[in-house]
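Given next are the chains, with one letter for each unit.
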Amino acid sequence: MAGTANSSAKSEVIDLTKLSPDQLMQIKQEFDQEMSNIQDSLSTLHGCKAKYAGSKEALEAFQPDWENRQILVPLTSSMYVPGRIKDLNNFVIDIGTGYYIEKDLEGSKDYFKRRVEYVQEQIEKIEKIHMQKARFLNSVMGVLEVKQAAAVKMIQQQQQQQQPKQTA
Amino acid sequence: MDKNSAAALYKKMQTEVEAYQGLQKSCVKVVKQRAMLESQLNENKCVLDELNLLGADNKVYKLFGPVLVKQELEDSRQNVGKRIEYISKELNSSNNTLESMEKDMHKHREAVSKYQQQWQVAAAMK
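Note that the structure is a prediction, hence the values are computed from the model and not measured.

Undergrad: Can you help me understand helix α2 (residues 73-125) of chain B in this one?
TA: One turn of the α-helix equals 3.6 residues, which is why residues spaced by three or four share an orientation. Over its 53 residues, α2 of chain B runs 77 Å from end to end, which matches the ideal 78 Å to within 8%, given 1.5 Å per residue. Buried residues of α2 of chain B: V80, I87 and H108 of chain B, and no others.

Right, dumping it as structure tokens:
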């Protein structure tokens, strides 16, 4: 939900034990939703990181004496044409939103290194948030269970109080 | 409670619930839109960071359809900067709509619970 960033910040100040089971259930549902969103973003980020790391590895395999070396260029995933490496020190990198930049080998490696580090940072940030939310969700569940147990007890007591009256 | 007022109360409740559900739907839409804007903003910021790291000897291209067209570095910087400004504005306005939507939703929710209470009171008195 949209306001969750705000509302969750607020609800951490609110005493959970004072909320009704319905409200707790609502919070729980919202958090479950958020947790699955976070999981999705995490897996997307891991995918991104793998892609960047893959590009970086490909660059690291490049040797300076590969000028004019023959390679096979993929036309489709199953068809290749022979080609030769020219201009070994120029790579065009997609930096997003349709912009491409030309960089030399070192610069390109550096670019992917920075990208991997950046994505890693984001992953760590999100994992932290994920842990916090999981902890909060646990406490919500705990309070909810206590409340449910209390409700069950109350009903049992009521029944016990009613029974002697009926027999009497 | 006679039949007429019960029907009237039920109808009021129904309209409130419908309004609430409608708002909820559009709320989801706005949230999606906002998420998209946020990711675009992020991407543009990354691009600008990268462009700012470039020196005068680096060449910049922009993809138009299937063609890469060479761009001036300074122009690209300004373009991306403008785009970031625009997206931030859009993001702000969608945040505002979201806020007012949530307020409206809250109002409708309260109205529904009020009618539910009336209903229960009326049912208890019967």
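Anyway, onward from the coordinates.
Undergrad: Would you mind showing me how to read the UniProt feature "coiled-coil region" (unreviewed entry) in chain B here?
TA: Those residues carrying the UniProt feature "coiled-coil region" (unreviewed entry) are residues 84-118 of chain B in this numbering. Taken as a whole, residues 84-118 of chain B contains 100% helix and 0% strand, while its terminal C-alpha atoms sit 51 Å from one another.

Undergrad: Which parts of the structure should I look at to understand the interface of chain A and chain B?
TA: When the parts of a complex come together, some accessible area is lost, and that lost area is often used as the size of the interface. Taken residue by residue, the interface counts 12 residues in chain A and 18 residues in chain B. When residues of the side of chain A that touches chain B are traced back to their parent elements, those giving at least two are β3 (91-96) and β4 (99-103) of chain A. A per-element tally of the side of chain A that touches chain B places β4 of chain A first, with 5 residues. In terms of residue class, the side of chain A that touches chain B is built from 6 nonpolar, 4 polar and 2 charged. In this sheet, strand β1 (residues 60-64) of chain B lies alongside β4 of chain A in antiparallel orientation, the contact comprising 3 bridges. Note that in β1 of chain B the partner of Y100 of chain A across the bridge is Y61 of chain B.

Undergrad: Looking at this model, I keep getting lost on the pairing of strand β2 (residues 67-71) of chain B. Mind explaining?
TA: All names here are of chain B. Of all 5 residues in β2, 0 are buried, a share of ten percent or less. Summarising the sheet, β1 and β2 pair through 5 bridges and their orientation is antiparallel. Within β2, the position partnered with F64 by the bridge is V67. With antiparallel pairing between neighbouring strands as the criterion, β1 and β2 make up a hairpin whose turn holds 2 residues, including G65 at a positive phi of roughly 60 degrees.

Undergrad: Is there a simple way to explain the sheet that holds β4 of chain A in this structure?
TA: Sheet strands pair via backbone hydrogen bonds, and the direction of the pair is either parallel or antiparallel. The 4 strands lie next to each other as β3(A)-β4(A)-β1(B)-β2(B), forming an open sheet whose pairing is antiparallel. Looking at the sheet topology across the chains shown, the edges are occupied by β3 of chain A together with β2 of chain B. Going across the sheet, the axis of each strand differs from the next one's by a mean of 35 degrees, ignoring polarity. Packed on one face of the sheet, helix α1 (residues 3-53) of chain B meets β3 and β4 of chain A and runs near 140 degrees to β3 of chain A.

Undergrad: So what exactly am I meant to see when it comes to the environment of P66 of chain B here?
TA: Residue and element names in this part refer to chain B. Counting through the fold element by element, P66 comes out in the loop between β1 and β2. On the neighbour-count criterion, P66 (5 C-beta atoms within 10 Å) is exposed. Placed 53 residues apart in sequence, P66 and W119 show a C-alpha to C-alpha distance of 64 Å.

Parameters and conventions
- Residues numbered from 1 in each chain as written.
- Chains lettered and ligands numbered in written order.
- Predicted model: local features only at pLDDT ≥ 70, side-chain atom pairs only at ≥ 80, totals over all residues.
- Helix = DSSP H or I, 4+ residues; strand = E, 2+ residues; numbered from the N terminus.
- Expected span 1.5 Å × (residues − 1).
- Buried ≥ 20, exposed ≤ 12 C-beta atoms within 10 Å, placed from the backbone.
- UniProt positions renumbered as here; feature names shortened; annotations may be inferred.
- Contact = placed C-beta atoms within 7 Å.
- Nonpolar A, V, L, I, M, F, W, Y, C, P; charged D, E, K, R; others polar.
- Pairing = 2+ DSSP bridges.
- Axes fitted to C-alpha atoms, helices over the stretch in contact; angles between N-to-C directions.

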